[in-house]
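Here are the chains, one letter per residue:
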Amino acid sequence: QVQLAESGGGLVQAGASLRVSCAVSGRPFSSHVIGWFRQAPGKEREFVAAIRWSRDSTYYADSVKGRFIISRDRAEMTVDLQMNDLKFEDTGVYYCARAGGLYDSPSRYAAWGQGTQVTVSS
C-alpha cells in the first residue's frame, strides 16, 4: 500500500522560490501518477501538477505552468515540486496524492498525505 508524506513548506516573500517534497513509501505501480494539490482557506482543493511514476510525463495547471517544476526520483522515492516566482495566490496547504492516470480532479486521487503549509507574503 502506497503512503505519502509531504515536507518542505514555509513562509517566503513574493518572487522567492521554495521546494516541497513528497516521500513515497510502499510499492507504487508503474502506472501510478503522483499529483500535487493545494488548498487555500475557504477554497476548494485545486490541482497543481502531476507526474507519472514510471516516466517523465507531466501535467501542470495553467496557473503554475512555467513557474513550477515537478520531478520524481525513483531511487530516493520522492516527488518534488520546485516552485519559482511565488505569488501571494500560491499560498495554501500543499498535498500529494496518488492516482491511476494524469487527472486533475481530486476525486481521482487517493492516499493523501497530511499536507505542508506554504505561505507567500506580498
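Provided above is the structure to which this section pertains.
Residues numbered from 1 in each chain as written. Predicted model: local features only at pLDDT ≥ 70, side-chain atom pairs only at ≥ 80, totals over all residues. Heavy atoms only, no water.

> Looking at this structure, I do not really get the sheet that holds strand β10 (residues 116–121). What am I missing?
Across a sheet, paired strands are connected by hydrogen bonds in the backbone, their directions being either parallel or antiparallel. Pairing is mixed across the open sheet formed by six strands, whose spatial order is β2-β10-β9-β4-β5-β6. Lying at the two open borders of the sheet, with one neighbouring strand each, are β2 (10–13) and β6 (58–60). On average, adjacent strands in this sheet sit at an angle of 25° to one another, irrespective of strand direction. (Pairing = 2+ DSSP bridges. Helix = DSSP H or I, 4+ residues; strand = E, 2+ residues; numbered from the N terminus. Axes fitted to C-alpha atoms, helices over the stretch in contact; angles between N-to-C directions.)

> Can you help me understand the pattern of salt bridges in this one?
Pairing between side chains becomes possible if they bear opposite charge and their charged atoms approach one another. One pass over the structure, following the stated rule, counts seven salt bridges. Between R19 and D80 there is a salt bridge; the shortest N-O distance is 3.2 Å. On the criterion of sequence distance, the pair formed by R19 in strand β3 (residues 18–25) and D80 in strand β8 (residues 78–83) is long-range, its members being 61 residues apart. Judged by its relative accessible area of 14%, D80 falls in the buried class. A salt bridge links D90 to R67; the shortest N-O distance between them is 2.8 Å. Pair noted here: D90 is in the loop between β8 and β9 (92–99) and R67 is in the loop between β6 and β7 (68–73), with a separation of 23 residues, a long-range link. Residue class for D90 comes out buried when judged on its relative accessible area of 1%. Overlapping salt bridges bring together R38, E46, R67 and D90 as one network. (Salt bridge = Lys/Arg side-chain N within 4 Å of Asp/Glu carboxyl O. Buried < 20%, exposed > 50% of the residue type's maximum accessible area, 1.4 Å probe, protein only.)

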